[in-house]
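So you can see what is in the structure, the chains are spelled out below.
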Amino acid sequence: MDIAKYFSEKAGEVNACLDELLPRPGAGQMEGVLFEAMRYSVFAGGKRLRPGLFFAVLRLFEMDDRPYLPFACGLEMIHTYSLIHDDLPAMDDDDLRRGRPTSHKVFGEAQAILAGDALLTHAFNAMLQTAACAAPERLLAAVDYVARQSGAFGMVAGQCVDIVCEGRELGAEELRYIHERKTGALFCASIAGAALLAGAREEEIADLTEYALKLGLVFQIADDILDEIGDGSKLGKPVGSDKKNHKTTYISLMGLEEARRFGEKTAGEAEAALQGFGARAELLRLLPRYFLHRDC
Ligand code: GRG
């Protein structure tokens, strides 16, 4: 199966739907700059991995993905909001994202904060647009889950702990704690969120959550490796920033070769979590190695 083709096809569908869902700046409209800033970051060329994961799980449960496009777009809006806020001077203070100047560099800090806020809230409007096709109790469970994973019990908590720990060397468990929230939580939202919409059984949701957390970790290990030996022009951001900013990474903790081995081991554990799904989970089973060996 051609995974790059799968993600690029899904990205095309997601981009068309995002274009429909996001407000458009109109002539003479005073809040036009807000809509422009929202669109600027959303259409800056992200890989649309979270929607791709979401659709892969719908496929596992033999669900038609078309009606759920707005839900997938909601996940991408939450992801983009987190990137805009993460780049702000008060957080990582980055100048480049997805190969372009960051939102605050183009629109100023205040509008970048607002664009992030508006994307986060718009995401929930988008997800609720699937009310016409999803059973209400499933949609409620999925949206509730996405909110938890995105907020104080998930991604925002991860960002908080990352900031609290700034300036000191972390241990492996602390690093895992942060990654499970910063990266893993939105992977869980996409993967287990789709399973909730599909009405999956509790054991299936538990297995998929385990898979999502391991997949997030693999993604992060690859991120650390790419920051050490990747190609900045493919990544759309300068490499070597972890070392420059004295960040604890899997490379600083265990060295490049051991980090690669740890990545392979974790990818194996992610695959193993799918055992109960048999051949139906082929696409999901291929993703951990694909993420580990990615070049951007
Ligand atoms: C500000 C609430 C708040 C949270 C920020 C997501 C995040 C938490 C910070 C971004 C920096 C970071 C290391 C995130 C980990 C997840 C990650 C590697 C994001 C980049 O995801 P990709 O590669 O990005 O899917 P694209 O641009 O392809 O969408």
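As shown above, the structure is provided for reference.
Residues numbered from 1 in each chain as written. Predicted model: local features only at pLDDT ≥ 70, side-chain atom pairs only at ≥ 80, totals over all residues. Heavy atoms only, no water.

**Student:** I tried to follow the overall build of the protein chain on my own but got confused; where do I start?
**Tutor:** Along the protein chain, the regular secondary structure elements total 16 helices and two strands. Taking 19 Å as the expected radius of gyration for a compact globule of 296 residues, we find that the protein chain reaches 19 Å, a close match to that expectation. Along the longest, intermediate and shortest principal axes, the C-alpha atoms of the protein chain span 55 × 45 × 35 Å. Looking at the protein chain as a whole, 51% of its 296 residues are labelled buried. As presented, the protein chain carries roughly 13500 Å² of accessible surface, and 54% of it is formed by carbon and sulfur atoms. Counting 33 positive and 45 negative side-chain charges, the protein chain places the centres of these two groups 2 Å from one another. (Helix = DSSP H or I, 4+ residues; strand = E, 2+ residues; numbered from the N terminus. Rg over C-alpha atoms; globule rule 2.2 N^0.38 Å. Buried < 20%, exposed > 50% of the residue type's maximum accessible area, 1.4 Å probe, protein only. Areas by Shrake-Rupley, 256 points an atom, 1.4 Å probe, with all protein chains shown as cover. Lys, Arg positive; Asp, Glu negative; His and termini not counted. Charge placed at Lys NZ, Arg CZ, Asp CG, Glu CD.)

**Student:** For this particular structure, what's the right way to read the site of the ligand?
**Tutor:** Around the ligand lies a shell of 17 residues, among which Lys47, Arg50, His79, Asp86 and Arg98 are the nearest. The side chain of Arg50 places a nitrogen or oxygen atom 2.8 Å from an oxygen atom of the ligand. Interatomic distance of 2.7 Å between a side-chain N/O atom of His79 and an oxygen atom of the ligand. For the ligand, the protein covers 90% of the area, taking 710 Å² as the surface of the free molecule. Listing elements by their share of the shell around the ligand, those giving two or more residues are helix H3 (49-60), helix H4 (69-87), helix H8 (155-164) and helix H11 (202-229). Looking at the shell around the ligand element by element, the count peaks at six residues for H4. Tallied by class, residues from the shell around the ligand come to five nonpolar, seven polar and five charged. (Near = heavy atom within 4 Å. Polar contact = N/O pair within 3.5 Å; in protein donor to acceptor, adjacent residues only side chain to side chain. Nonpolar A, V, L, I, M, F, W, Y, C, P; charged D, E, K, R; others polar.)

**Student:** Would you mind showing me how to read empty space enclosed by the protein here?
**Tutor:** By rolling a water-sized probe across the atoms, one finds the places where empty space is left. For the coordinates displayed, the defined rule picks out two cavities of 30 Å³ or more. Here the largest cavity is characterised by a volume of approximately 90 Å³. Lining the largest cavity we find 13 residues, and of these Ser41, Ile84, Asp87, Arg97 and Ser103 sit closest to its centre. Elements with a minimum of two residues in the lining of the largest cavity: helix H2 (32-42), H4 and strand E2 (100-101). Looking at side-chain class alone, the lining of the largest cavity contains five nonpolar, four polar and four charged residues. A volume near 30 Å³ is recorded for the second largest cavity. As for the second largest cavity, its lining consists of Asp86, Met91, Asp92, Gln159, Asp162, Ile163, Glu166 and Lys182. (1 Å grid on protein atoms, 1.4 Å probe; cavity = no way out; pocket = protein on both sides within 12 Å on 5 of 7 lines; lining within 4 Å. Points joined across faces, edges and corners; volume = space filled by probe spheres on them.)

**Student:** Would you explain the layout of surface pockets in this entry?
**Tutor:** Volume-wise, the second largest pocket comes out at about 180 Å³. Taken together, Ala4, Phe7, Ser8, Ala11, Gly46, Lys47, Leu49, Tyr290, Phe291, Arg294 and Cys296 form the lining of the second largest pocket. Where the lining of the second largest pocket is concerned, the elements lending two or more residues are helix H1 (3-21) and helix H16 (282-292). Ranked by residues supplied to the lining of the second largest pocket, first place goes to H1 with four residues. A breakdown of the residues in the lining of the second largest pocket according to their chemical character gives seven nonpolar, two polar and two charged.

**Student:** Would you mind going over the packing of H11 against helix H15 (residues 256-272) with me for this structure?
**Tutor:** The relative placement of two packed helices comes down to the angle between their axes together with the axis-to-axis distance. Their axes nearest at 9 Å, the elements H11 and H15 cross at an angle of 160°. Taken together, the axes of H11 and H15 lie roughly antiparallel to each other. Of the two elements, H11 crosses H15, and the hand of that crossing is left-handed. Residue-level inspection shows Tyr211, Lys214, Leu215, Leu217, Val218, Ile221, Ile225 and Ile229 of H11 in contact with H15, the latter providing Leu256, Ala259, Arg260, Phe262, Gly263, Thr266, Ala267, Glu269 and Ala270. Of the residues contributing to the contact of H11 with H15, the split by class is 12 nonpolar, two polar and three charged. (Axes fitted to C-alpha atoms, helices over the stretch in contact; angles between N-to-C directions. Parallel < 35°, antiparallel > 145°, perpendicular 65-115°, else oblique. Left-handed = near helix turned anticlockwise from the far one by under 90°. Contact = heavy atoms within 4.5 Å.)

**Student:** I'm lost on the pattern of salt bridges in this one. Help?
**Tutor:** When their charged atoms lie close together, side chains carrying opposite charge are able to pair. By the definition in use, this model includes 25 salt bridges. Residue Arg39 pairs with Asp19 through a salt bridge whose shortest N-O separation is 2.7 Å. Placement of the pair is Arg39 in helix H2 and Asp19 in helix H1, with a sequence separation of 20 residues. According to the relative accessible area criterion, Arg39 is buried, its value standing at 12%. For Asp19, a relative accessible area of 27% corresponds to the partly exposed category. The partner of Glu269 in a salt bridge is Lys265, and the shortest N-O contact between them spans 3.2 Å. In this pair, Glu269 and Lys265 are both assigned in helix H15, four residues apart and thus about one turn of the helix distant. One continuous salt-bridge network, built from bridges that share partners, spans Lys10, Glu13 and Asp65. (Salt bridge = Lys/Arg side-chain N within 4 Å of Asp/Glu carboxyl O.)

**Student:** Whenever I open this one, H4 confuses me. Can you help?
**Tutor:** Because each turn of an α-helix spans 3.6 residues, side chains separated by three or four positions in sequence point in the same direction. Its 19 residues place the ends of H4 27 Å apart at the C-alpha level, agreeing with the 27 Å of an ideal helix rising 1.5 Å per residue. Of all 19 residues in H4, 19 are buried, a share of seventy percent or more. (Expected span 1.5 Å × (residues − 1).)

**Student:** Sorry if this is basic, but what is going on with unusual backbone geometry here?
**Tutor:** It is generally the case that most residues other than glycine have a negative phi and that most peptide bonds are trans. A positive phi angle, near 60°, is found at Arg48, a position not held by glycine. Note that Arg48 resides in the loop between H2 and H3. With phi around 55°, Asp93 is a residue other than glycine that occupies positive phi space. Tracing the sequence through the fold places Asp93 in the loop between H4 and strand E1 (96-97).

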